[in-house]
Structures are given as C-alpha cells and as structure tokens.
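The chain contents come next:
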Protein chains: 2
Amino acid sequence: MGELVAAIGARGVAEVLLERADAEGMSAALAARGVRLDPRSIRAAHGRWSPRVDVEAFARSLQQAGRVGARLVVPGDDAWPVRLDDLGRHRPLALWVRGRLDAVTVARSISLVGARAASGYGEHVAVEAAGGLADRGFTVVSGGAYGIDGMAHRSTLRSDGTTVAYLAGGVDRFYPMGHESLLARIAETGAVVSELPCGAAPTKWRFLQRNRLIAASTAATIVLEAGLRSGSLNTAGHAATLGRPLGAVPGPVTSPASAGCHRLLREFDAVCVVDAEQMAELALADGDLAAAATPTGSATGAWDTAVTADGIRVLDALSARSPRTTDDVARRAGLEPRRVLGVLGSLEAEGRVVRRAEGWAARPAAG
Amino acid sequence: MGELVAAIGARGVAEVLLERADAEGMSAALAARGVRLDPRSIRAAHGRWSPRVDVEAFARSLQQAGRVGARLVVPGDDAWPVRLDDLGRHRPLALWVRGRLDAVTVARSISLVGARAASGYGEHVAVEAAGGLADRGFTVVSGGAYGIDGMAHRSTLRSDGTTVAYLAGGVDRFYPMGHESLLARIAETGAVVSELPCGAAPTKWRFLQRNRLIAASTAATIVLEAGLRSGSLNTAGHAATLGRPLGAVPGPVTSPASAGCHRLLREFDAVCVVDAEQMAELALADGDLAAAATPTGSATGAWDTAVTADGIRVLDALSARSPRTTDDVARRAGLEPRRVLGVLGSLEAEGRVVRRAEGWAARPAAG
C-alpha cells in the first residue's frame, strides 16, 4: 500500500480499489494510469489489503461523504496541513474535511484541550483562553468533546474566530450526539476533520490516534484543565514527543480536575500559562509564526464584557428569529431554569438578548 | 573588621569593643588575647568601625539579650547552621537565638514562605503543607509574618513539630506585635533567630536581608501563595541564586494571590509542588538528607481529621485551663463571632474542645 500510495497517491489508490477488486484488475487499472509496478508487489499489496477493504462499504462511504459535502485531502494538496508531515510514518494517508479547507492549513493555530469532566473553573479558563486567542487571530483546534473541548470551540465561535474539530470517527456523523449542532456550526466557518472515512465509528483507539492529529497540526498545545486520567494528557504527550511547545494552566491544588495539568508542569516540563497572551507567546515561540501577539480587537469589540460559560450556553440555546420560553432555553442549554433566568437577566442588561411576548431571543452583535 | 573577626572571632571582637573604645586600648585588649596585628590595621579597623559602633547601645543590647535569654552563635560553634556558609561574603557575622539552639542546625529543614495577604486557599495550603512536613520530621522555617508565614508556624506547632522564625529585627521584641504569643510559643519548642542585635528595629532593607537567611539555612524553599509583589519572591530569588531547590504551589489563575507562584513556575524554573510529599521530595533531592520521606505519624495520629486554618486560629485562642466566652475567643482569633461558633461546634464534635458553664476550653490531644 505504501508503494502504491507513493506511486499514484491515496486518491488514486481509492479509485483503483473501487474499480477493480482483484489483483489482476488492480494491475490493469494501474497500467491505465501509466503506473507499472512489479506484479509481485501488486499481488502482495492486494493480498494484504483486500481482506481489510470492504469495497461495498468503501463505495457507500464515498457516497456518504458526497452527501455531507466532505472533501478528501491528501499530502501534496494545497489544503494539506504540512505540519502533519512531522508525524513521519504516523502521518495520516488522507483527511476528510467538512467546512472550509483553508481553516485546516492556517499556520497561526493552537490546540486547546482538556477533560470532559470540566469544573466551573475549567470552563471559565476555556472561555477566556479561546476568546483571547481568537481575538489574537489564532485558529483554535480541539476535539469536539464535552467539557473543555466544547467550551473552547463555543467561545471561539462566540468571538467570531475560526475553530477546527478533529473527530475520532467519520465526519458524516457528528459525535458526541449532544454536540451535533455545535459541530455543524464549526463546519460553517471552520472545519470538522477526520482521517477516517465516513461511516467509521469512534473507538477508544481512534480517540488516541485522533489526539496525535490535534497536537501535530498546531503550533502549540495547551491543556486547560485535566484530571490525572484525562485523554488530553495523551494529546500533551504527542505534542511533547513532536517537540511542539506544550503549555498547562494551573489550578487549585485542592481540585483533582487540575491534577493532570500539575503533573504536566512537574514531570513533562510543560510551560505554566495563565492567560491567552502567554498561550499566544508560547505558540509564536514555534518560530514559524510571524507578527506580534497583539489582539486584533475586531471580534470582541462589539461587546463590553466577557461572556461566562453559562452565558455562552444560554446564547447558544437562543435563536434570533424565533423567541423561546425560559424552560425551552433551559432544556437546550442543559441548565436549571432558575439559573437560566438569572443569566438571561444579565444578558438582557448587556443588550445581548431581548425579551418578547413569546419569550427570549438573541440579539446579533453590533458591528 | 574582617581581619579581626578572622583572628579572634565575632565574640572576641564584641568583647574587645566593649572593653576599650580607642585604637590603643583595642591593641592592648587584642594583645591580652595573644593576637598581634599590624598597628596600622588596628588603627584602620578602629577608624572604620568606631563611628558606627555605639558602645553604650551595644552594652544595652547585650544586657537586653541576657534578659530575654538570647544566645549569640558564631561560625564554628556547634550551634552554627553550616548551610549559611554557602552565602560566602554575605554570611552573617553572628546569629542571636531565642529558644532551642539545636532547632537552628537541623539538616531536615524546609522554608515555607508566602504573602502576608493570604487567601483562604493559601491558608489551607499552608496548614496542609506545614502539618504534612512536620509529620515527616521536617523543621519548618519561615519569617514569622502575618498570613502564610504565621499559618505555617501555627500548623507546625499544632502537629507538635519544630518551627524556626527568622526575624528582621532584634529577637528581644517580637515583630509583628500581633504575633507576640505565637513567636513566644515558637521559642519554647523551636527557635526565634536574628542576625541583628537586640534593640534593632526591623526595616525594609532588613526584611530583604533576613530573607537570605531563610533561603540559605534550609534544604529547600517553597512559596505557598504569593502575589506578584510579595516579599516571599525575594526569598525565592535567594534560594535560586544559591542553587537550592525551589518549589511553588500553583493556584487558580483567576487569583492574583497566586500570580507570584505562577511567575516562579514560568520564569524561575520553580518545581510545581502540590502537597507535603512533593515538598519533602524536593528537599530530600538536596542530597544532604538521608532517609525516606515517609510520615512518622506520631503527631497527627491523635486526631482523625485535619484542622482548618480557622480551626487553628480558634484552637490558638482557647485555653485548656480557663474557659472563654465565644466573643472572647472571636476577639482573640480575629474572626467573626458567628464564624467562631460554627468552628467551635465542629471542634466540639471532634472532641477537641469542651463546652463548660463559663465558656469554651481546649482539650489537649490524646496520646
């Protein structure tokens, strides 16, 4: 397979596999493309790969990719994120991308990762970090998971920034299900990416594999909040192995939710970072990135104050066109109705939401 | 002076200065001690030092030292802490010690320092750190100040550990005044130390000078909680300059009270430490210290649960013999009466205090 990919590229191999399922057919299909390989090599490659390639499933996967508008990007394409080449033989053969192809190749990008079981403190840190980095023109990359990942994506979108989610399964079905609408919004202005074909389900192994793409595709990786068993420590390990700058945000030593970050500081030489400016500085230390780390101010200028984690949840649960009742907003936001009422009150005072006869509605940011 | 000290020691110089105030007298006094120096050296030394030495004040200082039982320790004495020799030409000429002389020379010692303006979190960290290190047989050294220092001393005493306070003024007058009884208790089982003679008032410069003694006299220095302007960062700087292990306890990035610790982690290569075990490990990395860092368990075994910072304040404000009213305890503890009542309730449930007709009294720990 490696030899075939080298000769005609991953896209070519996919086409050849779709056209002909046996070794002779493959040989003919390759010859039609002007590629002549040793027949023994072709037989060996076919023997190794044909049991693993379900051509029917492969065809279905491509049809499904076409349906959801996912595009295949292979090394050498303009849309290929060259940082992934640092993975050497662990480089993915291809990426499936839903959304803007150019979001995936941005040099000024940073990974913000953390645990699913985020504390209120961790969510606050994620909101501040992602918002501040979006303001500084960084593309925020994460894993689309609940907790820290999700809050980093949301806060970036809220700051009109670009965010990219790498998934552990195919990009045709957004996982986790509760993040379906979040991932759809990410694909509108950024990108949702996977190395797996459409139809592939996320598995534990695939989550760990996915983490190497998050670490490798960005200028630096920051762990915002993580317990000792968080998968984000695996992402941090990939960043360290690749020699990429690695940052960790400290927290109270009394909080098990920060114990993983403290371990990174103590044992993995992670740099202690406490705000977006220090995170940007770390990413810019990568050398590839030019320009100063000053905020562009284009994004959050429209609002005076920062939005809280709950504020972002509530704003996400509102629509600008159809007003919603407090209970409806609470259900969509996954928060207590009483809490939602308090948050709505603050957002109304800041002019971000309006109260109508039928319920609450979002007010788009001015400017 | 340097030459004189080298010839007859600091104690000898003090005696000579007391006996004779002019250069000829000094020469005779030195000759009586079998020391013959070049008369020009003696005249030069006398010329340099006599304007600075107020012999009357010096005599008063020695009398005062005698009254409070302070003893003079000079390099070469058994009671001299040899780690101070690493200060080179910044080594103090002598130390005045109130309390147990052997407390000052213990090899297994660690500095716990931090800001006066401690948060509840910082106090909790100080209580846990000092208690855990006392349990592991460490002598806890600090500066006797309000906030983190005071809580480290108190928690060590509460765990029946040994603690040493280095002051920025003479040991005859305990400073700060609010810590008079705390410092008296420290001197009972540990030591209160200063390089300045009795009668010397603490000044800003002397606080900074004092910090070098805290850093130099211990196996490691840990900053428990410090804002960006805390004097404890100066102590940390001395530890780093001396090549002594330096640790810092992280806190929430949202708390300015932890910003100094984060700066130490980020810019001064301080080691991230989150509990007493990691602090002990850092001190033992010094090499001078043998044995494992396992708790002796002798101290806190008597109580099942840890005492909170407020709990320590309240216990300190109680007497085992004369019961005190809640208001009296609140005044002595510097806490709200309502808060004190809550704390007393918990301590009563734990069997640490008893309620009598006349008020509350402490119950000594069993065993």
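Please read these numbers as outputs of a predicted model, since none were measured by experiment. (Residues numbered from 1 in each chain as written. Chains lettered and ligands numbered in written order. Predicted model: local features only at pLDDT ≥ 70, side-chain atom pairs only at ≥ 80, totals over all residues. Heavy atoms only, no water.)

Caption draft 1: Expanded view of the overall build of chain A. Secondary structure summary: chain A contains 14 helices and 11 strands in total. For chain A, long-range pairs separated by at least 24 residues make up 71% of all intrachain contacts whose partners lie at least 6 apart in sequence. (Helix = DSSP H or I, 4+ residues; strand = E, 2+ residues; numbered from the N terminus. Contact = heavy atoms within 4.5 Å.)

Caption draft 2: Broad picture of the packing of aromatic side chains. This model, assessed by the stated rule, comprises two aromatic pairs over all chains. Centre to centre, the rings of B:Tyr175 and B:Phe207 are 6.1 Å apart; their planes meet at 55°, and the pair counts as tilted. Taken as a pair, B:Tyr175 in the loop between β5 (163-166) and α7 (180-189) and B:Phe207 in helix α8 (residues 204-216) lie far apart in primary sequence, 32 residues in all. One cation-aromatic arrangement involves A:Arg116 over A:Phe207; the distance from NZ or CZ to the ring centre is 5.5 Å. Directly above the aromatic system of B:Phe138 lies the positively charged group of B:Arg108, at a separation of 4.8 Å from the ring centroid. (Phe/Tyr/Trp six-rings, centres within 6.5 Å; stacked < 30°, edge-to-face > 60°. Lys NZ or Arg CZ within 6 Å of the ring centre and 35° of its normal.)

Caption draft 3: Quick look at the relation of the copies chain B and chain A. Of the transformation placing chain B onto chain A, the axial shift is 0.0 Å and the rotation is 180°, giving an RMSD of 0.1 Å. What the superposition gives is, in effect, a two-fold axis relating one chain to the other. The residues that chain B uses at the interface reappear at the interface of chain A in 100% of cases, marking a shared surface. (Least-squares fit on C-alpha atoms with pLDDT ≥ 70 in both.)

Caption draft 4: Fine view of the sheet that holds strand β7 (residues 221-225) of chain B. All names here are of chain B. Strand order in the open sheet formed by nine strands is β1-β2-β6-β5-β4-β3-β7-β8-β9, and the pairing between neighbours is mixed. Edge positions in the sheet fall to β1 (71-73) and β9 (271-272), since each of these pairs with one other strand and no more. Alignment of strand β2 (residues 95-99) against strand β6 (residues 191-194), held across four bridges, turns out to be antiparallel. Paired with Gly99 across the bridge in β6 is Ala191. Together, β2, β5 and β6 form the strand contacts of α7, whose direction differs from that of β6 by roughly 105°. (Pairing = 2+ DSSP bridges. Axes fitted to C-alpha atoms, helices over the stretch in contact; angles between N-to-C directions.)

Caption draft 5: Just the side chain of B:Ser155, in detail. Note that B:Ser155 resides in helix α6 (residues 148-158). On the accessibility criterion, B:Ser155 (2% relative accessible area) is buried. (Buried < 20%, exposed > 50% of the residue type's maximum accessible area, 1.4 Å probe, protein only.)

Caption draft 6: Quick look at the pattern of salt bridges. Going through the model one piece at a time under the given rule, you end up with 33 salt bridges over all chains. Among the salt bridges present, the one from B:Arg266 reaches A:Glu281, with a minimum N-O distance of 3.3 Å. Note that B:Arg266 is positioned in helix α10 (residues 259-267) and A:Glu281 in helix α11 (residues 276-284), a pairing that runs across two chains. Ionic contacts of the salt-bridge type, sharing partners, join the residues A:Glu123, A:Asp310, A:Arg313 and A:Arg339 into one network. (Salt bridge = Lys/Arg side-chain N within 4 Å of Asp/Glu carboxyl O.)

Caption draft 7: View of the confidence of the model for chain A. Mean pLDDT for chain A: 86, with 85% of residues reaching 70 or above. Confidence drops under a pLDDT of 50 for residues 290-305 of chain A, and excluding neighbours within four residues, the segment shows 32 contacts in the predicted structure. (pLDDT = per-residue confidence, 0-100.)

Caption draft 8: Representation of the interface of chain B and chain A. Taken together, the contact pairs 18 residues of chain B with 18 residues of chain A. Carbon and sulfur atoms make up 66% of the area that chain B and chain A hide from each other, which totals about 1400 Å². Contact with chain A buries surface across chain B, with B:Val253, B:Arg266 and B:Cys272 losing the most and accounting together for 42% of the total. For the pair chain B and chain A, the number of links is two salt bridges. Where chain B meets chain A, there are six residue pairs in polar contact (both at pLDDT 80 or more). Every element with two or more residues in the side of chain B that touches chain A is listed here: α5 (120-135), α10, β9 and α11 (276-284) of chain B. For the side of chain B that touches chain A, a count of residues per class yields 11 nonpolar, five polar and two charged. (Buried area = accessible area lost by both parts, 1.4 Å probe. Polar contact = N/O pair within 3.5 Å; in protein donor to acceptor, adjacent residues only side chain to side chain. Nonpolar A, V, L, I, M, F, W, Y, C, P; charged D, E, K, R; others polar.)

Caption draft 9: Structural context of helix α13 (residues 326-333) of chain A. Residues and elements named next belong to chain A. Within α13 the residues assigned to the buried category are Thr326, Asp328, Val329, Ala330 and Ala333. Of the surrounding elements, those touching the buried residues of α13 are α12 (309-317), α14 (337-349) and β11 (359-362). Trailing α13 by a residue or two, Gly334 shows a phi angle of about 70°, which is positive.

Caption draft 10: Molecular detail of the nonpolar core. A:Leu95, A:Tyr166, A:Val193, B:Leu95, B:Tyr166, B:Val193 and B:Val223 are the most contacted members of the largest nonpolar core, which has 62 residues in total. Among all residues touching B:Tyr166, those that are not within four sequence positions of it are B:Pro81, B:Leu95, B:Val104, B:Val141, B:Ser142, B:Gly143, B:Val193, B:Arg210, B:Leu213, B:Ile214 and B:Ser217. (Core = buried A, V, L, I, M, F, W, Y, C linked by side-chain atoms within 4.5 Å.)

Caption draft 11: Layout of α6(B). Extensive coverage of α6(B) is indicated by the burial of 10 of its 11 residues. The set of residues buried in α6(B) consists of B:Ile148, B:Asp149, B:Gly150, B:Met151, B:Ala152, B:His153, B:Arg154, B:Ser155, B:Thr156 and B:Leu157.

Caption draft 12: Main features of the pairing of strand β7 (residues 221-225) of chain A. Residue and element names in this part refer to chain A. The buried fraction of β7 amounts to five of the five residues, a majority that puts the element mostly inside the structure. Bridge count between strand β3 (residues 109-114) and β7: four bridges; the pairing is parallel. Residue pairing across strands places Ser111 opposite Thr221, the latter belonging to β7. Once the chain exits β7 it traverses helix α9 (residues 232-241) before rejoining the sheet at strand β8 (residues 246-248), and the crossover so formed is right-handed. (Right-handed = clockwise from strand over helix to strand, strands pointing away.)

Caption draft 13: Representation of the sheet that holds strand β6 (residues 191-194) of chain A within the structure. Residues and elements named next belong to chain A. Taken in spatial order, the nine strands of this open sheet run β1-β2-β6-β5-β4-β3-β7-β8-β9, and their pairing is mixed. In the strand order of this sheet, the two ends are held by β1 (71-73) and β9 (271-272), each with one partner. Pairing between β7 and β8: three bridges, direction parallel. Paired with Thr221 across the two strands is Leu246, which belongs to β8. Strands β3, β7 and β8 of the sheet are contacted by α9, whose axis makes an angle of about 155° with β7.

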